[in-house]
Amino acid sequence: MENIDCSIKDITVVAEEISENTFAEAMQILSCAEKDIILDVKSTKRRLEIAATRLLLKNTFGNDAFLLHTEQGAPFIDNYSGNISISHSKDKVYIAFSPLHRVGVDIQYWSKSLVRVTSKYLSDREAEAINVSDRQALLKAWTVKEAVYKLLGIKDLSLKSIDTLKDDISTVMHCGTTYQIKIHTITTDDFSLAIAWM
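Residues numbered from 1 in each chain as written. Predicted model: local features only at pLDDT ≥ 70, side-chain atom pairs only at ≥ 80, totals over all residues. Heavy atoms only, no water.

K.L.:
I tried to follow the overall build of the protein on my own but got confused; where do I start?
P.N.:
Within the protein, the secondary structure is distributed over 7 helices and 10 strands. On C-alpha atoms alone, the protein measures out to a radius of gyration of 17 Å, which is about the 16 Å that the 2.2 N^0.38 rule sets for 198 residues. Taken over the C-alpha atoms alone, the protein extends approximately 50 × 35 × 30 Å along its principal axes. Counting across all 198 residues of the protein, residues that qualify as buried make up 46%. The contacts in the protein between residues at least 6 apart in sequence include a share of 51% that link residues at least 24 apart. (Helix = DSSP H or I, 4+ residues; strand = E, 2+ residues; numbered from the N terminus. Rg over C-alpha atoms; globule rule 2.2 N^0.38 Å. Buried < 20%, exposed > 50% of the residue type's maximum accessible area, 1.4 Å probe, protein only. Contact = heavy atoms within 4.5 Å.)

Here it is as structure tokens:
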């Protein structure tokens, strides 16, 4: 388990490697019900992700922690009254949690598909302001939008309605309601980690 220094008061971000070793370690400590959930998944990649997530939850919240989901699909832990958000990408799983704030987290490694699908997630204003050859800007826009989407949990929310042009706040307009969401990103040319909270 790795703690990520995101320098946000009352929000913690932890990470775990997704690997065969993590899978083996998880299978030693998980309950029969949790093992069954993992073994029922056909995709090897997805099985590894789920095992790493469950291991990270146990290491963070204790052996009694059991991951559940709301009707909208948002994760929560049965013995934790705070909020959590989960993201996977390549070989890592990240969990952001807070006892005080609603949180959303997203991690994304660089992929050329981020350029190909800009029309699906960038607003007209963002498309004018962001150069498609700027990998950091595209990574940041994508991860902020995904983190905010997870935080709000609004199924019909368009990614285009999530503004990412400011460094520390995202404004979202949906059905006549305006949301002001705080954001923090760690971005390089290869990856971006975004945390959203309110």
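Once you've had a look at it, read on.
K.L.:
I tried to follow the pattern of salt bridges on my own but got confused; where do I start?
P.N.:
When charged atoms on two side chains of opposite charge get close, those side chains can pair. Per the stated rule, a full pass over the model turns up 9 salt bridges. Between glutamate 49 and arginine 46 there is a salt bridge, with the nearest N and O atoms lying 2.9 Å from each other. Taken together, the residues glutamate 49 and arginine 46, both in helix α3 (residues 44–61) and 3 residues apart, mark about one turn of the helix. Under the relative-accessibility criterion, glutamate 49 is labelled buried at 8%. Arginine 46 sits in the partly exposed class, given a relative accessible area of 35%. (Salt bridge = Lys/Arg side-chain N within 4 Å of Asp/Glu carboxyl O.)

K.L.:
Sorry if this is basic, but what is going on with the nonpolar core here?
P.N.:
Soluble, globular proteins show a tendency: their nonpolar side chains are buried together. Formed by 25 residues in total, the largest nonpolar core has its most connected members in Ile38, Leu57, Phe61, Ile77, Ile84, Ile95 and Phe97. Put simply, the parts of the chain that give this core at least two residues each are α1 (20–29), α3, β5 (83–89) and β6 (92–98). Leu114, Leu151, Leu157 and Leu159 belong to the second largest nonpolar core, which has 23 residues in total. (Core = buried A, V, L, I, M, F, W, Y, C linked by side-chain atoms within 4.5 Å.)

K.L.:
How should the environment of valine 144 be read in this particular structure?
P.N.:
Structurally, valine 144 is set in helix α7 (residues 135–152). Taking the C-alpha atoms as reference points, valine 144 and isoleucine 107, separated by 37 residues in sequence, lie 9.2 Å from one another. The contact partners of valine 144, leaving out residues within four places of it in the chain, are Thr164, Ser170, Ile183, Thr185 and Ala194.

K.L.:
What is the right way to look at the pairing of strand β10 (residues 191–197) in this model?
P.N.:
Two faces make up the sheet, and in a regular strand the side chains alternate between them. The buried fraction of β10 amounts to 6 of the 7 residues, a majority that puts the element mostly inside the structure. Sheet analysis places strand β7 (residues 103–109) next to β10, joined by 7 bridges and oriented antiparallel. Bridge pairing in β10 links tyrosine 109 to phenylalanine 191. Where strand β9 (residues 177–187) meets β10, 6 bridges bridge the pair, whose relative direction is antiparallel. Bridging across to β10, lysine 182 finds its partner in tryptophan 197. Between the end of β9 and the start of β10, which pair antiparallel, lie 3 residues. (Pairing = 2+ DSSP bridges.)

K.L.:
Which parts of the structure should I look at to understand the packing of aromatic side chains?
P.N.:
To describe a pair of aromatic rings, you give the distance between the ring centres and the angle between the ring planes. Per the counting criterion, the structure on display carries 5 aromatic pairs. Ring geometry for tyrosine 80 and phenylalanine 97: centres 6.1 Å apart, planes at 85°, overall edge-to-face. A residue pair is termed long-range when its members are at least 10 positions apart, and tyrosine 80 in the loop between β4 (75–77) and β5 and phenylalanine 97 in strand β6 qualify at 17 residues. Pair check on accessibility: tyrosine 80 and phenylalanine 97 agree, each one buried. Between tyrosine 109 and phenylalanine 191, the aromatic rings sit 5.9 Å apart at their centres with planes inclined by 35°, giving tilted as the arrangement. (Phe/Tyr/Trp six-rings, centres within 6.5 Å; stacked < 30°, edge-to-face > 60°.)

K.L.:
Explain the side chain of serine 192 to me, please; I cannot follow it from the model alone.
P.N.:
Here serine 192 is to be found in strand β10. On the basis of relative accessible area, serine 192 is assigned to the buried category, the value being 0%. Of the polar contacts made by the side chain of serine 192, one reaches the side chain of threonine 187; its length is 2.8 Å. Setting aside chain neighbours within four positions, we find serine 192 in contact with Asp106, Ile107, Gln108, Leu139, Lys140, Thr143, Ile186 and Thr187. (Polar contact = N/O pair within 3.5 Å; in protein donor to acceptor, adjacent residues only side chain to side chain.)

K.L.:
Looking at this structure, how should I read the sheet that holds β7?
P.N.:
Strands belonging to one sheet form pairs held by backbone hydrogen bonds; the direction of such a pair is parallel or antiparallel. One open sheet holds the 4 strands; their spatial order is β7-β10-β9-β8, and the pairing between them is antiparallel. In this open sheet, the two edge strands, each paired with only one partner strand, are β7 and β8 (169–174). Strand-to-strand twist across the sheet, computed as the mean angle between neighbouring axes with direction ignored, equals 25°. Packed on one face of the sheet, α7 meets β7, β8, β9 and β10 and runs near 150° to β7. (Axes fitted to C-alpha atoms, helices over the stretch in contact; angles between N-to-C directions.)

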